[in-house]
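Below are the chains, spelled out letter by letter.
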Amino acid sequence: MSTKTRLRAATVGGTADDVEAAFYEALQRGDVDALMDCWADEDEIFCVHPGGPRLVGADAIRAAFEHMFGNGGAIHATPARVRKVESLASAVHNVLERIEVLTPDGHKHGFVLATNVYHKTAQGWRMVAHHASPGSAQEPGDVAETPQTLH
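Residues numbered from 1 in each chain as written. Predicted model: local features only at pLDDT ≥ 70, side-chain atom pairs only at ≥ 80, totals over all residues. Heavy atoms only, no water.

1. Quick word on the nonpolar core
Argument step 1. Grouped together as the largest cluster of nonpolar side chains are 35 residues, with contacts concentrated most on Phe-23, Leu-27, Leu-35, Trp-39, Ile-61 and Phe-65.
Argument step 2. Discounting chain neighbours no more than four positions away, the residues touching Leu-35 are Phe-23, Ala-26, Leu-27, Phe-65 and Phe-69. (Core = buried A, V, L, I, M, F, W, Y, C linked by side-chain atoms within 4.5 Å. Buried < 20%, exposed > 50% of the residue type's maximum accessible area, 1.4 Å probe, protein only. Contact = heavy atoms within 4.5 Å.)

Have a look at this one:
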């Protein structure tokens, strides 16, 4: 399904998953317009790239992605695992992103944990927040909460 098809589906009853797929497709193509179509039209949307400052508002987010795309084209990030918490009007996705980077030794893979937050708006589901952790060379595992017994 193309990005435009996914966003059209999100507008007429699709899901946050449709917008998330469109977001990662736009990253992989280096298409800032398609990427920004995934974001809500709200002043308080925000984005935090690994080790970077908090970017607030569409203009700051667009400028950062334009800069990133200008320095090497697309961002080869693929969702590897997703954990979701969803309700009728919001969804939070914690995504293990597999990142492909070109190093002097060739292509290498790294991993980033990202949290994507979506709200159902008048335009359909849209991203309102993207927060990504610093990357690591090894795939991070999950730690489940261990029940504790009180004595």
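We are not done yet, so read on.
2. Let's talk about the sheet that holds strand β2 (residues 54-56)
Backbone-to-backbone hydrogen bonds pair the strands of a sheet. The strands run either parallel or antiparallel.
Argument step 1. Here we have 6 strands laid out as an open sheet, ordered β2-β1-β6-β5-β4-β3, and mixed in their pairing. Sheet topology places β2 and β3 (76-86) at the edges, where each strand pairs with a single neighbour. For this sheet, the mean angle separating the axes of adjacent strands, direction not counted, is 25 degrees.
Argument step 2. Of the pairings in the sheet, the one linking strand β4 (residues 90-103) to strand β5 (residues 106-121) comprises 14 bridges and is antiparallel in character. Following the sheet pairing, His-93 is matched in β5 by Asn-116.
Argument step 3. Strands β3, β4, β5 and β6 (124-132) of the sheet are contacted by helix α2 (residues 16-29), whose axis makes an angle of about 160 degrees with β3. (Pairing = 2+ DSSP bridges. Helix = DSSP H or I, 4+ residues; strand = E, 2+ residues; numbered from the N terminus. Axes fitted to C-alpha atoms, helices over the stretch in contact; angles between N-to-C directions.)

3. So, the pattern of salt bridges
Argument step 1. Inspection of every chain in the model, using the stated rule, returns 5 salt bridges.
Argument step 2. As a salt-bridge pair, Arg-29 and Asp-31 come within 3.2 Å of each other at their nearest N and O atoms.
Argument step 3. Here Asp-31 falls in the partly exposed class, since its relative accessible area comes to 26%.
Argument step 4. Measuring nitrogen to oxygen at the nearest pair gives 3.2 Å for the salt bridge that ties Arg-81 to Glu-139. Placement of Arg-81 in strand β3 and of Glu-139 in the segment after β6 is noted, with a sequence separation of 58 residues between them.
Argument step 5. Relative accessible area serves as the criterion here: at 34%, Arg-81 is assigned to the partly exposed category.
Argument step 6. Salt bridges sharing common partners tie together Asp-33, Arg-62 and Glu-66. (Salt bridge = Lys/Arg side-chain N within 4 Å of Asp/Glu carboxyl O.)

4. Considering the packing of aromatic side chains
Argument step 1. Applying the stated criterion across every chain yields a total of 3 aromatic pairs.
Argument step 2. Consider the rings of Phe-23 and Phe-65, whose centres lie 6.4 Å apart with planes at 90 degrees: the pair is edge-to-face. Of this pair, Phe-23 sits in helix α2 while Phe-65 sits in helix α4 (residues 58-70), placing them 42 residues apart in sequence. In terms of burial, Phe-23 and Phe-65 fall into one category: buried.
Argument step 3. Their ring planes at 40 degrees and their centres at 6.0 Å tell us that Phe-65 and Phe-69 sit as a pair that is tilted. One end of the pair is Phe-65 and the other is Phe-69, both in helix α4 and 4 residues apart, which spans about a single turn. One exposure class covers both Phe-65 and Phe-69, and it is buried.
Argument step 4. The structure contains a cluster of three or more aromatic residues connected by ring pairs, namely Phe-23, Tyr-24, Phe-65 and Phe-69. (Phe/Tyr/Trp six-rings, centres within 6.5 Å; stacked < 30°, edge-to-face > 60°.)

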